[in-house]
Amino acid sequence: MAESNPAASAREERGKSVIARELGGDLPCARCRYNLKGLSIRAVCPECALPVRATVLAVVDPRAHELRPLKWPRLVAFGMLLWSFAAAGAMAWSWGLTIIEISGVQRPGGGRGLGPALLVALSGVGALALIRPHAMDDSGRGTRAAIAGVLAYLPLCGLMYFLHARLDPSGAPAYGPSAVGSPERVVVRLGINLLIVAIALALRPNARMLAARSFLMRTGRTDRQTLRALASVLVLCVLGDLMRLGALQFEGGGAQLADQVAQLLVMLGSVLFSVGLVGVCVDCARLFGVILEPPLSMQDLLGTVETAPGRTT
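Along each chain, numbering runs from 1 in the same order as the chain's sequence is written. For a predicted model such as this one, the threshold for reporting local features is a pLDDT of at least 70, and the threshold for listing and counting side-chain atom pairs is 80 or more; totals across whole chains, interfaces and linings nevertheless cover every residue. Excluding hydrogens and water, the side-chain figures rest on all heavy atoms present in the structure.

Participant: Whenever I open this one, the overall build of the chain confuses me. Can you help?
Facilitator: Within the chain one finds eleven helices and two strands. Segments assigned H or I by DSSP are reported as helices when at least four residues long, segments assigned E as strands when at least two residues long, and all are numbered from the N terminus. Reading the secondary structure of the chain in the N-to-C direction produces α-α-α-α-α-α-α-α-α-α-α-β-β. With a 1.4 Å probe rolled over the protein chains alone, any residue whose accessible area is under 20% of its type maximum counts as buried; one over 50% counts as exposed, and the rest are partly exposed. In the chain, which comprises 313 residues, the proportion classed as buried is 42%. Using a 1.4 Å probe, accessible areas were evaluated by the Shrake-Rupley method; residue-level cover was limited to the displayed protein chains. When the accessible surface of the chain is summed, it comes to about 16,600 Å², and 64% of that surface belongs to carbon and sulfur atoms.

Below is the structure:
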């Protein structure tokens with residue numbers, strides 16, 4: 001007959017005491033929002049009969065204390081909002097200028113053409129919050145990549161200003177049936193798209209690290225890999241611009257047809273990029289509260305947790 005293990009028995013008894021402990025803090029039921037405070041984890045909600053442990057699994061973040069605290073959570077939260085919404089504003093402004101051009105009206109210059117560049121600059125300012133959100137003592141790979149991503153905003157702002165405030169107001173229409181392709185404009189657009197791809201991929205590691213503070217995102221229920229998707233759809237724009245650049249080297253109906261197909265690729269990539277950018281804004285808005293107020297941990301919910309006989313943490 002096997003001998004009992006005193007240490008294992010003691011651990012089992014401690015585990016039972018933790019599981020059976022009454023909830024010491026407010027915990028709304030995941031189904032009906034009834035306050036489960038004072039109930040045992042083994043109990044069920046008195047209103048809807050949902051097991052309390054199901055609510056605990058849905059709300060409690062077992063890794064909350066494993067994540068490093070944010071030194072300036074408010075600055076990081078508002079920085080992420082500025083980063084995403086300013087970028088979306090720049091895209092919306094660019095779409096407005098493009099629609100004006102397609103409608104046959106000459107693009108406005110001056111301050112109106114300067115708008116996208118200014119909004120991109122604001123997005124770069126917001127991206128500073130992604131460099132070292134946890135104020136680490138050492139510079140990890142994510143920090144170095146984020147620094148490179150923020151620096152890439154400098155040439156991006158210059159190209160956006162050159163495109164919208166200098167080239168387009170004085171040039172022929174770039175899109176539409178009567179579009180006149182400009183090699184200089186195509187090259188500028190290529191540079192803009194490649195810089196945006198580089199920025200998205202460079203900022204992605206630290207952005208994902210912040211997203212990991214959300215329990216739902218870490219369990220795979222809301223993480224949509226939006227930044228990677230943004231970089232992927234811009235490949236269509238790059239291919240379209242390369243096709244336009246090639247079509248400019250030839251004349252005739254074939255070159256014109258190739259240019260029209262290239263315009264469709266650019267437009268499709270731009271639409272998908274805009275949709276993805278809206279998704280980034282939604283994710284940042286949802287993370288705003290998560291960053292300001294980290295999710296509950298088991299210690300927060302139960303109070304002290306017994307770790308050894310006669311000792312608590």
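Participant: For this particular structure, what's the right way to read the confidence of the model for the chain?
Facilitator: Detailed reading of the predicted coordinates is not advisable wherever pLDDT falls low. Each residue carries a pLDDT score, the predictor's own confidence in it, on a scale running from 0 to 100. For the chain, per-residue confidence averages 77 on the pLDDT scale, and residues scoring 70 or more make up 69% of the total. Should any heavy atoms of two residues lie within 4.5 Å, those residues are considered in contact. Segment residues 14-20 is flagged for pLDDT under 50; beyond a separation of four residues in sequence, or across chains, it makes 14 contacts in the model. A low-confidence stretch, residues 304-313 stays under pLDDT 50, and its non-local contacts, those more than four residues away or across chains, total 17 contacts.

Participant: Got a minute to help me understand empty space enclosed by the protein in this structure?
Facilitator: Take a probe with the size of a water molecule and roll it over the atoms, and the empty space left behind shows itself. Definitions used for this entry: grid spacing 1 Å over protein atoms alone; cavity, a set of points where a 1.4 Å probe fits but cannot get out; pocket, an open set with protein on both sides within 12 Å along at least 5 of 7 lines; lining residue, one with an atom within 4 Å of a point. Grid points are joined across faces, edges and corners, and a volume is the space filled by probe spheres set on the points. A complete count under the given rule lists one cavity of 30 Å³ or more for this structure. Of the voids in this model, the largest cavity is the one considered here, and its volume is about 620 Å³. Around the largest cavity, the lining comprises 34 residues; the ones closest to its centre are Met 91, Met 160, Ile 192, Ile 196 and Phe 273. Sorting the residues of the lining of the largest cavity by element identifies helix H3 (73-102), helix H4 (111-127), helix H6 (153-170), helix H7 (183-211), helix H9 (226-247) and helix H10 (253-292) as the ones contributing at least two each. Split by residue class, the lining of the largest cavity holds 25 nonpolar, seven polar and two charged. Each residue is assigned to one of three groups, with Ala, Val, Leu, Ile, Met, Phe, Trp, Tyr, Cys and Pro labelled nonpolar, Asp, Glu, Lys and Arg labelled charged, and all others, Gly among them, labelled polar.

Participant: For this particular structure, what's the right way to read the packing of helix H5 (residues 141-151) against H7?
Facilitator: Each pair of packed helices can be described by the angle between their axes along with the distance between the axes. Fitting a line to C-alpha atoms yields each axis, with helices limited to the stretch in contact; the angle taken between N-to-C directions then spans 0 to 180 degrees. Where H5 meets H7, the closest approach of the two axes is 8 Å, and the angle between their N-to-C directions is 145 degrees. Two packed elements cross with a definite hand, and for H5 against H7 that hand is left-handed. Contacts between H5 and H7 involve Gly 142, Thr 143, Ala 145, Ala 146, Gly 149 and Val 150 on the former and, on the latter, Ile 199, Ala 202, Leu 203, Pro 205 and Asn 206. Here the residues of the contact of H5 with H7 are counted per class, giving seven nonpolar, four polar and no charged. Crossing handedness is defined as follows: a turn of the near helix away from the far one that is anticlockwise and smaller than a right angle gives a left-handed crossing, while the clockwise case is right-handed.

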